[in-house]
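Survey of secondary and tertiary structure
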Amino acid sequence: MSELAESTCFLETQLGSLRGLLHDDVLHFRGIRYAQPPTGPRRFLPPLPTTSWSGVLDATEFPNRCSQPPMAYLGETVGSPSEDCLFLNIVTPAVNGIGRPVLFWIHGGAFINGSANDYDGSVLAAQGDVVVVTINYRLGLLGFLDLSSLSSEFTGSGSNGILDQILALKWVRDNIADFGGDPENITIFGESAGGHSVMSLLASHEADGLFHKAIAHSPGTTDRPPPDLIPSLVAYLGVNRDQLVSKLRTTTTDELLAIQNAVPSVSVGVDGEVVTRSTNEAIIDKGKKGVPLIAGTNKDEGKFFTALYAVADPDFLPPQEPIARIVTGGADPASYMAELKALHPTASAAEIFERIWDGLFRRAAIGGVVSSTSAGVGGWLYQFDLQATEKFLGHDVGAGHAVEIPFTFNRFNSDDPGLAIFYKSSDPDVRNLSQQWSDTIIQFAKTGEPNGAGLPHWPRYDEETRATMVLDRESRVENDLNKIERLLWDKS
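Anyway, here's the lowdown on the structure attached to this text.

The rules behind the values
Residues numbered from 1 in each chain as written. Predicted model: local features only at pLDDT ≥ 70, side-chain atom pairs only at ≥ 80, totals over all residues. Heavy atoms only, no water. Helix = DSSP H or I, 4+ residues; strand = E, 2+ residues; numbered from the N terminus. Rg over C-alpha atoms; globule rule 2.2 N^0.38 Å. Buried < 20%, exposed > 50% of the residue type's maximum accessible area, 1.4 Å probe, protein only. Contact = heavy atoms within 4.5 Å. Areas by Shrake-Rupley, 256 points an atom, 1.4 Å probe, with all protein chains shown as cover. Disulfide = S-S within 2.5 Å.

Turning to the overall build of the protein, a few remarks are in order. The helix and strand tally for the protein stands at 15 helices and 16 strands. Here the protein has a C-alpha radius of gyration of 22 Å; the compact-globule value for 492 residues is 23 Å, and the two agree. Expressed as lengths along the three principal axes of its C-alpha atoms, the size of the protein is roughly 65 × 60 × 45 Å. Counting over 492 residues, the protein shows a buried share of 57%. Of the contacts formed within the protein by residues at least 6 apart in sequence, a portion of 74% connects residues at least 24 apart. Roughly 19,100 Å² of accessible area belongs to the protein as shown, and the carbon and sulfur atoms make up 50% of that amount.

To continue, consider the state of the cysteines. The tally for this structure, following the rule as stated, stands at one disulfide. Sulfur-sulfur distance for the disulfide between Cys66 and Cys85 comes to 2.1 Å. On the S-S bond that ties Cys66 to Cys85, the torsion sits near 85 degrees, and the link is right-handed. Taken together, the positions of Cys66 in strand β6 (residues 65-66) and Cys85 in the loop between β7 (81-82) and β8 (87-92) put the pair 19 residues apart, joining distant regions of the chain. Here Cys66 and Cys85 have matching classes, each one buried.

In this section: unusual backbone geometry. The backbone of Phe44 sits at a positive phi, close to 75 degrees, despite the residue not being glycine. Turning to its location among the elements, Phe44 is positioned in the loop between β4 (26-33) and β5 (56-58). Given a relative accessible area of 2%, Phe44 falls into the buried group. In this model, Leu393 sits at a positive phi of 55 degrees, which is unusual for a non-glycine residue. Locating Leu393 in the fold gives a position in the loop between β14 (379-384) and α13 (405-408). A relative accessible area of 33% means that Leu393 is categorised as partly exposed.

Listed below in C-alpha coordinates is the structure:
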(Lines give C-alpha, C1' and ligand atoms only; values in the text may rest on other atoms or scores of the structure.)
Protein backbone atom coordinates (compact mmCIF):
# COMPACT_ATOMS: atom_id res chain seq x y z
CA MET A 1 0.00 0.00 0.00
CA SER A 2 1.24 3.51 -0.74
CA GLU A 3 0.01 6.95 0.22
CA LEU A 4 -0.86 9.47 -2.49
CA ALA A 5 -1.70 12.26 -0.06
CA GLU A 6 -2.29 12.62 3.64
CA SER A 7 -5.90 11.42 3.40
CA THR A 8 -5.71 9.06 0.43
CA CYS A 9 -4.25 5.56 0.16
CA PHE A 10 -4.07 2.70 -2.31
CA LEU A 11 -4.37 -1.01 -1.63
CA GLU A 12 -3.67 -3.97 -3.91
CA THR A 13 -5.98 -6.94 -3.25
CA GLN A 14 -6.67 -10.23 -4.99
CA LEU A 15 -9.79 -8.65 -6.49
CA GLY A 16 -8.12 -5.48 -7.72
CA SER A 17 -6.79 -2.08 -6.64
CA LEU A 18 -8.65 0.25 -4.30
CA ARG A 19 -8.31 3.87 -3.34
CA GLY A 20 -9.31 4.51 0.28
CA LEU A 21 -8.94 7.13 2.98
CA LEU A 22 -6.60 7.55 5.92
CA HIS A 23 -8.68 9.28 8.60
CA ASP A 24 -8.61 9.23 12.41
CA ASP A 25 -5.45 7.09 12.25
CA VAL A 26 -7.31 4.22 10.56
CA LEU A 27 -7.92 3.22 6.95
CA HIS A 28 -11.41 3.46 5.44
CA PHE A 29 -12.50 1.49 2.39
CA ARG A 30 -16.10 2.29 1.55
CA GLY A 31 -18.65 1.04 -0.93
CA ILE A 32 -17.04 -2.29 -1.81
CA ARG A 33 -19.47 -4.42 -3.77
CA TYR A 34 -19.85 -7.94 -2.35
CA ALA A 35 -22.71 -9.09 -4.61
CA GLN A 36 -23.97 -8.42 -8.10
CA PRO A 37 -26.82 -5.90 -8.32
CA PRO A 38 -30.08 -7.67 -7.32
CA THR A 39 -32.00 -5.61 -9.87
CA GLY A 40 -34.17 -6.15 -12.92
CA PRO A 41 -34.73 -9.88 -13.44
CA ARG A 42 -32.67 -10.54 -10.25
CA ARG A 43 -35.30 -8.85 -8.05
CA PHE A 44 -36.49 -11.33 -5.34
CA LEU A 45 -33.75 -13.83 -6.26
CA PRO A 46 -30.74 -14.95 -4.17
CA PRO A 47 -27.63 -12.76 -4.37
CA LEU A 48 -24.80 -13.68 -6.72
CA PRO A 49 -21.12 -13.16 -5.84
CA THR A 50 -19.01 -10.51 -7.51
CA THR A 51 -15.81 -10.96 -9.45
CA SER A 52 -12.62 -8.93 -9.67
CA TRP A 53 -12.53 -5.48 -11.24
CA SER A 54 -10.17 -3.62 -13.53
CA GLY A 55 -8.63 -0.25 -12.84
CA VAL A 56 -8.71 1.39 -9.42
CA LEU A 57 -11.93 1.12 -7.41
CA ASP A 58 -12.82 4.39 -5.68
CA ALA A 59 -13.52 3.30 -2.10
CA THR A 60 -13.59 6.79 -0.61
CA GLU A 61 -17.33 7.43 -0.81
CA PHE A 62 -20.19 5.79 1.05
CA PRO A 63 -22.36 3.53 -1.12
CA ASN A 64 -26.09 3.44 -1.82
CA ARG A 65 -28.48 2.53 0.95
CA CYS A 66 -30.88 -0.31 0.26
CA SER A 67 -34.30 0.90 -0.91
CA GLN A 68 -36.36 2.06 2.05
CA PRO A 69 -38.88 4.65 3.17
CA PRO A 70 -37.43 7.90 4.56
CA MET A 71 -36.73 8.20 8.30
CA ALA A 72 -36.66 11.96 8.70
CA TYR A 73 -36.53 11.91 12.51
CA LEU A 74 -32.94 10.61 12.41
CA GLY A 75 -31.75 13.57 10.37
CA GLU A 76 -29.88 13.53 7.07
CA THR A 77 -28.87 10.08 5.87
CA VAL A 78 -25.75 9.13 3.92
CA GLY A 79 -26.08 7.36 0.59
CA SER A 80 -28.85 7.35 -2.00
CA PRO A 81 -31.58 4.71 -1.70
CA SER A 82 -31.33 2.11 -4.45
CA GLU A 83 -32.01 -1.53 -5.19
CA ASP A 84 -28.35 -1.73 -6.22
CA CYS A 85 -27.12 -1.65 -2.66
CA LEU A 86 -25.18 -4.79 -1.73
CA PHE A 87 -22.02 -3.08 -0.53
CA LEU A 88 -19.89 -3.14 2.60
CA ASN A 89 -17.56 -0.70 4.34
CA ILE A 90 -14.29 -1.62 6.05
CA VAL A 91 -12.29 0.24 8.70
CA THR A 92 -8.90 -1.22 9.59
CA PRO A 93 -5.89 -0.03 11.61
CA ALA A 94 -3.46 -1.39 8.99
CA VAL A 95 -3.27 -3.79 6.07
CA ASN A 96 -0.08 -5.62 7.02
CA GLY A 97 0.04 -9.39 7.35
CA ILE A 98 -1.09 -9.45 10.99
CA GLY A 99 -4.48 -11.15 11.15
CA ARG A 100 -6.71 -8.99 13.33
CA PRO A 101 -10.08 -9.99 14.83
CA VAL A 102 -12.96 -8.94 12.58
CA LEU A 103 -16.16 -7.35 13.88
CA PHE A 104 -18.99 -7.75 11.34
CA TRP A 105 -21.87 -5.34 12.09
CA ILE A 106 -25.46 -5.93 10.90
CA HIS A 107 -27.59 -2.82 11.17
CA GLY A 108 -31.07 -2.60 12.62
CA GLY A 109 -34.19 -0.82 11.38
CA ALA A 110 -37.07 -3.31 11.65
CA PHE A 111 -35.91 -4.98 8.39
CA ILE A 112 -37.19 -1.96 6.46
CA ASN A 113 -34.68 0.81 7.25
CA GLY A 114 -31.02 1.37 8.00
CA SER A 115 -27.62 1.24 6.35
CA ALA A 116 -24.00 0.29 6.86
CA ASN A 117 -23.19 3.96 6.39
CA ASP A 118 -24.76 4.92 9.73
CA TYR A 119 -22.08 3.20 11.83
CA ASP A 120 -18.52 4.42 12.24
CA GLY A 121 -16.07 1.76 13.41
CA SER A 122 -13.08 4.10 13.55
CA VAL A 123 -12.76 4.22 17.33
CA LEU A 124 -13.22 0.46 17.74
CA ALA A 125 -10.64 -0.29 15.06
CA ALA A 126 -7.97 1.93 16.60
CA GLN A 127 -8.85 1.10 20.18
CA GLY A 128 -8.74 -2.66 19.85
CA ASP A 129 -6.54 -3.23 16.79
CA VAL A 130 -9.52 -4.89 15.10
CA VAL A 131 -11.10 -4.69 11.65
CA VAL A 132 -14.70 -3.43 11.55
CA VAL A 133 -16.98 -4.34 8.64
CA THR A 134 -20.46 -2.87 8.21
CA ILE A 135 -22.83 -4.22 5.55
CA ASN A 136 -25.99 -3.45 3.65
CA TYR A 137 -28.62 -6.12 2.99
CA ARG A 138 -31.93 -6.00 1.15
CA LEU A 139 -34.85 -4.69 3.17
CA GLY A 140 -38.63 -4.90 3.21
CA LEU A 141 -40.36 -6.86 0.47
CA LEU A 142 -37.15 -6.90 -1.57
CA GLY A 143 -35.35 -8.78 1.17
CA PHE A 144 -37.99 -10.76 3.02
CA LEU A 145 -40.99 -11.53 0.78
CA ASP A 146 -41.62 -15.28 0.69
CA LEU A 147 -42.68 -16.13 -2.87
CA SER A 148 -41.66 -19.79 -2.65
CA SER A 149 -45.24 -21.06 -2.88
CA LEU A 150 -45.54 -19.49 -6.34
CA SER A 151 -42.43 -20.98 -7.96
CA SER A 152 -39.34 -23.01 -7.06
CA GLU A 153 -37.39 -20.11 -8.56
CA PHE A 154 -38.11 -18.26 -5.32
CA THR A 155 -37.13 -20.96 -2.86
CA GLY A 156 -35.69 -19.20 0.17
CA SER A 157 -36.84 -15.75 -0.99
CA GLY A 158 -38.33 -15.02 2.43
CA SER A 159 -34.74 -14.95 3.67
CA ASN A 160 -33.02 -13.11 0.82
CA GLY A 161 -31.81 -10.48 3.26
CA ILE A 162 -30.18 -13.24 5.30
CA LEU A 163 -28.67 -14.72 2.14
CA ASP A 164 -27.18 -11.27 1.47
CA GLN A 165 -25.60 -11.32 4.92
CA ILE A 166 -24.25 -14.84 4.33
CA LEU A 167 -22.73 -13.83 1.00
CA ALA A 168 -21.14 -10.80 2.70
CA LEU A 169 -19.67 -13.16 5.31
CA LYS A 170 -18.27 -15.35 2.52
CA TRP A 171 -16.74 -12.26 0.91
CA VAL A 172 -15.13 -11.36 4.24
CA ARG A 173 -13.85 -14.90 4.70
CA ASP A 174 -12.24 -14.85 1.26
CA ASN A 175 -10.92 -11.28 1.20
CA ILE A 176 -10.51 -9.77 4.65
CA ALA A 177 -6.86 -10.87 4.96
CA ASP A 178 -6.04 -8.26 2.30
CA PHE A 179 -7.41 -5.64 4.73
CA GLY A 180 -5.45 -6.88 7.75
CA GLY A 181 -8.20 -9.13 9.14
CA ASP A 182 -8.21 -12.74 10.29
CA PRO A 183 -10.80 -14.85 8.39
CA GLU A 184 -10.61 -17.41 11.20
CA ASN A 185 -11.74 -14.91 13.85
CA ILE A 186 -14.96 -13.19 12.81
CA THR A 187 -17.55 -11.92 15.31
CA ILE A 188 -21.01 -11.04 14.03
CA PHE A 189 -22.86 -8.39 16.00
CA GLY A 190 -25.99 -6.38 15.41
CA GLU A 191 -28.89 -4.55 17.04
CA SER A 192 -32.67 -4.93 16.75
CA ALA A 193 -33.22 -6.33 13.24
CA GLY A 194 -29.45 -6.78 13.20
CA GLY A 195 -29.64 -8.74 16.46
CA HIS A 196 -32.52 -10.76 15.02
CA SER A 197 -30.31 -11.41 12.00
CA VAL A 198 -27.55 -12.68 14.29
CA MET A 199 -30.03 -15.15 15.78
CA SER A 200 -31.10 -16.20 12.29
CA LEU A 201 -27.52 -16.73 11.15
CA LEU A 202 -27.04 -18.99 14.17
CA ALA A 203 -29.97 -21.03 12.82
CA SER A 204 -28.78 -21.25 9.21
CA HIS A 205 -26.70 -24.19 7.98
CA GLU A 206 -25.40 -21.99 5.18
CA ALA A 207 -23.77 -19.68 7.70
CA ASP A 208 -22.03 -22.44 9.66
CA GLY A 209 -18.29 -21.86 9.86
CA LEU A 210 -18.45 -18.29 8.54
CA PHE A 211 -18.21 -16.68 12.00
CA HIS A 212 -16.76 -17.64 15.35
CA LYS A 213 -18.54 -15.50 17.97
CA ALA A 214 -21.87 -13.69 18.09
CA ILE A 215 -23.35 -10.67 19.89
CA ALA A 216 -27.07 -9.92 19.65
CA HIS A 217 -28.32 -6.55 20.89
CA SER A 218 -32.10 -6.45 21.46
CA PRO A 219 -32.76 -9.42 19.16
CA GLY A 220 -35.99 -10.91 17.95
CA THR A 221 -36.77 -14.60 18.16
CA THR A 222 -36.38 -16.79 15.08
CA ASP A 223 -38.79 -19.64 15.80
CA ARG A 224 -41.76 -19.43 13.40
CA PRO A 225 -42.33 -19.54 9.63
CA PRO A 226 -42.15 -16.20 7.81
CA PRO A 227 -45.48 -14.43 7.38
CA ASP A 228 -47.46 -15.33 4.26
CA LEU A 229 -48.05 -11.97 2.61
CA ILE A 230 -49.27 -13.32 -0.72
CA PRO A 231 -53.02 -13.19 0.10
CA SER A 232 -52.71 -9.60 1.30
CA LEU A 233 -50.68 -8.60 -1.76
CA VAL A 234 -53.11 -10.26 -4.15
CA ALA A 235 -56.03 -8.49 -2.51
CA TYR A 236 -54.29 -5.10 -2.36
CA LEU A 237 -53.09 -5.20 -5.98
CA GLY A 238 -56.27 -6.77 -7.37
CA VAL A 239 -54.44 -9.49 -9.30
CA ASN A 240 -54.55 -13.27 -9.42
CA ARG A 241 -51.86 -15.32 -7.70
CA ASP A 242 -50.32 -16.28 -11.02
CA GLN A 243 -50.05 -12.58 -11.94
CA LEU A 244 -48.44 -11.46 -8.70
CA VAL A 245 -44.77 -12.04 -9.53
CA SER A 246 -45.05 -10.27 -12.87
CA LYS A 247 -46.77 -7.34 -11.20
CA LEU A 248 -44.17 -7.07 -8.43
CA ARG A 249 -41.23 -7.37 -10.83
CA THR A 250 -42.47 -4.62 -13.14
CA THR A 251 -43.36 -2.03 -10.50
CA THR A 252 -40.97 0.84 -9.82
CA THR A 253 -39.05 0.89 -6.57
CA ASP A 254 -41.24 3.70 -5.24
CA GLU A 255 -44.38 1.76 -6.13
CA LEU A 256 -43.00 -1.29 -4.35
CA LEU A 257 -42.32 0.77 -1.23
CA ALA A 258 -45.91 2.05 -1.35
CA ILE A 259 -47.15 -1.55 -1.58
CA GLN A 260 -44.88 -2.46 1.33
CA ASN A 261 -46.35 0.35 3.39
CA ALA A 262 -49.83 -1.05 2.81
CA VAL A 263 -48.75 -4.63 3.64
CA PRO A 264 -46.08 -3.90 6.27
CA SER A 265 -45.45 -7.23 8.01
CA VAL A 266 -41.95 -8.37 7.04
CA SER A 267 -39.65 -10.35 9.28
CA VAL A 268 -37.21 -13.26 9.36
CA GLY A 269 -38.68 -16.69 9.90
CA VAL A 270 -37.88 -20.38 9.79
CA ASP A 271 -38.31 -20.91 6.05
CA GLY A 272 -36.89 -24.46 6.08
CA GLU A 273 -34.41 -23.61 3.33
CA VAL A 274 -32.09 -20.85 4.58
CA VAL A 275 -33.14 -20.70 8.22
CA THR A 276 -33.80 -24.36 8.88
CA ARG A 277 -34.87 -24.45 12.54
CA SER A 278 -35.30 -22.19 15.52
CA THR A 279 -32.25 -20.43 16.93
CA ASN A 280 -32.39 -22.27 20.24
CA GLU A 281 -32.74 -25.66 18.52
CA ALA A 282 -29.78 -24.86 16.29
CA ILE A 283 -27.59 -23.83 19.22
CA ILE A 284 -28.36 -27.04 21.09
CA ASP A 285 -27.91 -29.15 17.94
CA LYS A 286 -24.43 -27.75 17.34
CA GLY A 287 -23.30 -28.20 20.93
CA LYS A 288 -19.63 -27.38 21.38
CA LYS A 289 -19.27 -26.97 17.62
CA GLY A 290 -21.29 -23.76 17.94
CA VAL A 291 -20.09 -20.29 18.88
CA PRO A 292 -20.18 -18.31 22.16
CA LEU A 293 -22.94 -15.72 22.40
CA ILE A 294 -23.48 -12.43 24.21
CA ALA A 295 -27.07 -11.20 24.07
CA GLY A 296 -29.03 -8.59 25.93
CA THR A 297 -31.60 -5.85 26.00
CA ASN A 298 -32.15 -2.36 27.31
CA LYS A 299 -34.20 -1.81 30.43
CA ASP A 300 -36.87 0.35 28.76
CA GLU A 301 -36.94 -0.98 25.19
CA GLY A 302 -40.58 -0.07 24.60
CA LYS A 303 -40.32 3.61 25.50
CA PHE A 304 -38.53 4.28 22.24
CA PHE A 305 -41.44 2.88 20.24
CA THR A 306 -44.18 4.76 22.07
CA ALA A 307 -42.14 7.93 21.48
CA LEU A 308 -42.06 7.21 17.75
CA TYR A 309 -45.79 6.59 17.58
CA ALA A 310 -46.53 9.70 19.64
CA VAL A 311 -44.63 11.88 17.17
CA ALA A 312 -46.83 10.64 14.32
CA ASP A 313 -50.08 10.80 16.32
CA PRO A 314 -50.20 11.38 20.12
CA ASP A 315 -53.55 9.56 20.30
CA PHE A 316 -52.53 6.50 18.29
CA LEU A 317 -51.20 3.22 19.67
CA PRO A 318 -50.92 0.08 17.50
CA PRO A 319 -52.73 -3.07 18.57
CA GLN A 320 -50.92 -4.92 21.35
CA GLU A 321 -51.89 -8.43 20.24
CA PRO A 322 -49.46 -8.86 17.28
CA ILE A 323 -46.43 -7.94 19.40
CA ALA A 324 -47.65 -10.05 22.32
CA ARG A 325 -48.07 -13.03 19.98
CA ILE A 326 -44.35 -12.83 19.19
CA VAL A 327 -43.58 -12.94 22.91
CA THR A 328 -45.72 -16.06 23.28
CA GLY A 329 -44.05 -17.80 20.34
CA GLY A 330 -47.16 -17.64 18.17
CA ALA A 331 -49.58 -18.91 20.81
CA ASP A 332 -52.76 -17.03 21.69
CA PRO A 333 -51.45 -14.14 23.83
CA ALA A 334 -54.74 -13.38 25.60
CA SER A 335 -53.72 -15.03 28.87
CA TYR A 336 -50.27 -13.45 28.81
CA MET A 337 -51.72 -9.98 28.21
CA ALA A 338 -54.35 -10.42 30.94
CA GLU A 339 -51.75 -11.50 33.50
CA LEU A 340 -49.41 -8.69 32.47
CA LYS A 341 -52.16 -6.13 33.04
CA ALA A 342 -53.02 -7.74 36.39
CA LEU A 343 -49.37 -7.50 37.37
CA HIS A 344 -49.41 -3.76 36.59
CA PRO A 345 -52.98 -2.67 37.42
CA THR A 346 -52.30 1.07 37.29
CA ALA A 347 -50.32 0.99 34.04
CA SER A 348 -51.65 2.86 31.04
CA ALA A 349 -52.21 1.17 27.70
CA ALA A 350 -48.97 2.76 26.47
CA GLU A 351 -47.04 1.41 29.46
CA ILE A 352 -48.41 -2.11 28.91
CA PHE A 353 -47.47 -1.80 25.24
CA GLU A 354 -43.94 -0.86 26.31
CA ARG A 355 -43.67 -3.89 28.59
CA ILE A 356 -44.77 -6.19 25.78
CA TRP A 357 -41.97 -4.77 23.63
CA ASP A 358 -39.57 -5.33 26.53
CA GLY A 359 -40.68 -8.97 26.66
CA LEU A 360 -40.25 -9.47 22.92
CA PHE A 361 -36.55 -8.63 22.99
CA ARG A 362 -35.79 -10.01 26.44
CA ARG A 363 -37.24 -13.45 25.81
CA ALA A 364 -35.19 -13.83 22.63
CA ALA A 365 -31.96 -12.79 24.37
CA ILE A 366 -32.51 -15.05 27.37
CA GLY A 367 -33.40 -18.04 25.21
CA GLY A 368 -30.23 -17.65 23.18
CA VAL A 369 -27.81 -17.39 26.10
CA VAL A 370 -29.47 -20.20 28.08
CA SER A 371 -29.10 -22.47 25.05
CA SER A 372 -25.50 -21.37 24.48
CA THR A 373 -24.47 -22.11 28.04
CA SER A 374 -26.31 -25.44 27.94
CA ALA A 375 -24.54 -26.31 24.68
CA GLY A 376 -21.17 -25.74 26.32
CA VAL A 377 -19.97 -22.77 24.27
CA GLY A 378 -21.08 -20.12 26.75
CA GLY A 379 -23.78 -17.49 26.84
CA TRP A 380 -23.70 -14.14 28.65
CA LEU A 381 -26.70 -11.87 29.25
CA TYR A 382 -26.61 -8.11 29.74
CA GLN A 383 -29.18 -5.44 30.51
CA PHE A 384 -28.40 -1.81 29.67
CA ASP A 385 -29.87 0.37 32.43
CA LEU A 386 -28.20 3.76 32.02
CA GLN A 387 -31.02 6.27 31.71
CA ALA A 388 -30.88 8.70 28.79
CA THR A 389 -30.22 12.28 29.82
CA GLU A 390 -31.46 13.83 26.56
CA LYS A 391 -35.01 13.71 25.27
CA PHE A 392 -35.75 12.02 21.96
CA LEU A 393 -38.32 13.83 19.81
CA GLY A 394 -39.45 15.56 23.00
CA HIS A 395 -39.89 12.32 24.95
CA ASP A 396 -38.04 10.68 27.82
CA VAL A 397 -37.04 7.22 26.58
CA GLY A 398 -35.13 6.06 29.66
CA ALA A 399 -32.80 3.19 28.73
CA GLY A 400 -34.76 2.75 25.54
CA HIS A 401 -34.25 0.76 22.37
CA ALA A 402 -30.96 1.45 20.55
CA VAL A 403 -29.48 3.86 23.11
CA GLU A 404 -26.54 1.49 23.75
CA ILE A 405 -25.23 1.54 20.16
CA PRO A 406 -22.85 4.51 20.54
CA PHE A 407 -21.45 2.82 23.66
CA THR A 408 -20.76 -0.29 21.59
CA PHE A 409 -18.83 1.78 19.04
CA ASN A 410 -17.33 4.01 21.79
CA ARG A 411 -18.46 7.15 20.02
CA PHE A 412 -18.53 9.14 23.28
CA ASN A 413 -14.73 8.95 23.41
CA SER A 414 -14.34 10.49 19.97
CA ASP A 415 -14.48 13.97 18.51
CA ASP A 416 -17.66 13.08 16.61
CA PRO A 417 -20.25 11.13 18.63
CA GLY A 418 -22.47 10.83 15.52
CA LEU A 419 -25.91 9.48 16.47
CA ALA A 420 -25.07 9.50 20.20
CA ILE A 421 -28.10 11.69 20.81
CA PHE A 422 -29.38 10.31 24.10
CA TYR A 423 -26.51 11.32 26.41
CA LYS A 424 -24.05 14.14 26.93
CA SER A 425 -20.64 12.98 25.75
CA SER A 426 -19.08 15.25 28.39
CA ASP A 427 -20.57 13.12 31.19
CA PRO A 428 -17.62 11.18 32.70
CA ASP A 429 -19.86 8.22 33.66
CA VAL A 430 -21.09 7.99 30.07
CA ARG A 431 -17.55 8.06 28.73
CA ASN A 432 -16.43 5.48 31.29
CA LEU A 433 -19.23 3.02 30.44
CA SER A 434 -18.62 3.60 26.75
CA GLN A 435 -14.98 2.63 27.21
CA GLN A 436 -15.73 -0.40 29.39
CA TRP A 437 -18.47 -1.80 27.17
CA SER A 438 -16.56 -1.33 23.92
CA ASP A 439 -13.45 -2.85 25.52
CA THR A 440 -15.62 -5.82 26.51
CA ILE A 441 -16.86 -6.20 22.93
CA ILE A 442 -13.26 -6.20 21.72
CA GLN A 443 -12.16 -8.66 24.40
CA PHE A 444 -14.94 -11.05 23.42
CA ALA A 445 -14.01 -10.75 19.74
CA LYS A 446 -10.41 -11.61 20.56
CA THR A 447 -10.92 -14.42 23.08
CA GLY A 448 -14.55 -15.60 23.15
CA GLU A 449 -14.76 -14.45 26.78
CA PRO A 450 -16.09 -11.04 27.91
CA ASN A 451 -14.11 -10.87 31.15
CA GLY A 452 -10.96 -8.89 31.85
CA ALA A 453 -11.88 -5.64 30.08
CA GLY A 454 -12.92 -3.39 32.98
CA LEU A 455 -16.43 -4.57 33.90
CA PRO A 456 -17.05 -6.67 37.02
CA HIS A 457 -16.64 -10.43 36.62
CA TRP A 458 -19.42 -11.65 34.32
CA PRO A 459 -20.55 -15.26 34.85
CA ARG A 460 -22.19 -17.30 32.13
CA TYR A 461 -25.98 -17.18 32.17
CA ASP A 462 -27.63 -20.43 33.20
CA GLU A 463 -31.08 -21.43 34.38
CA GLU A 464 -29.91 -21.81 37.99
CA THR A 465 -28.37 -18.41 38.78
CA ARG A 466 -29.44 -16.35 35.72
CA ALA A 467 -26.52 -13.95 36.26
CA THR A 468 -26.98 -10.73 34.28
CA MET A 469 -24.50 -7.90 33.71
CA VAL A 470 -26.32 -4.63 34.42
CA LEU A 471 -24.64 -1.83 32.48
CA ASP A 472 -25.06 1.44 34.36
CA ARG A 473 -23.12 4.23 36.01
CA GLU A 474 -21.92 1.53 38.41
CA SER A 475 -22.15 -1.73 36.46
CA ARG A 476 -22.90 -4.83 38.48
CA VAL A 477 -24.07 -8.44 38.19
CA GLU A 478 -27.60 -9.30 39.36
CA ASN A 479 -29.39 -12.62 39.29
CA ASP A 480 -32.71 -13.26 37.53
CA LEU A 481 -33.73 -9.73 36.65
CA ASN A 482 -37.36 -9.38 35.54
CA LYS A 483 -38.18 -12.75 37.10
CA ILE A 484 -41.90 -12.08 37.51
CA GLU A 485 -42.46 -11.15 33.88
CA ARG A 486 -40.14 -13.93 32.71
CA LEU A 487 -42.41 -16.41 34.47
CA LEU A 488 -45.34 -14.99 32.48
CA TRP A 489 -43.54 -15.83 29.20
CA ASP A 490 -42.71 -19.30 30.43
CA LYS A 491 -46.37 -19.97 31.15
CA SER A 492 -47.48 -18.90 27.67
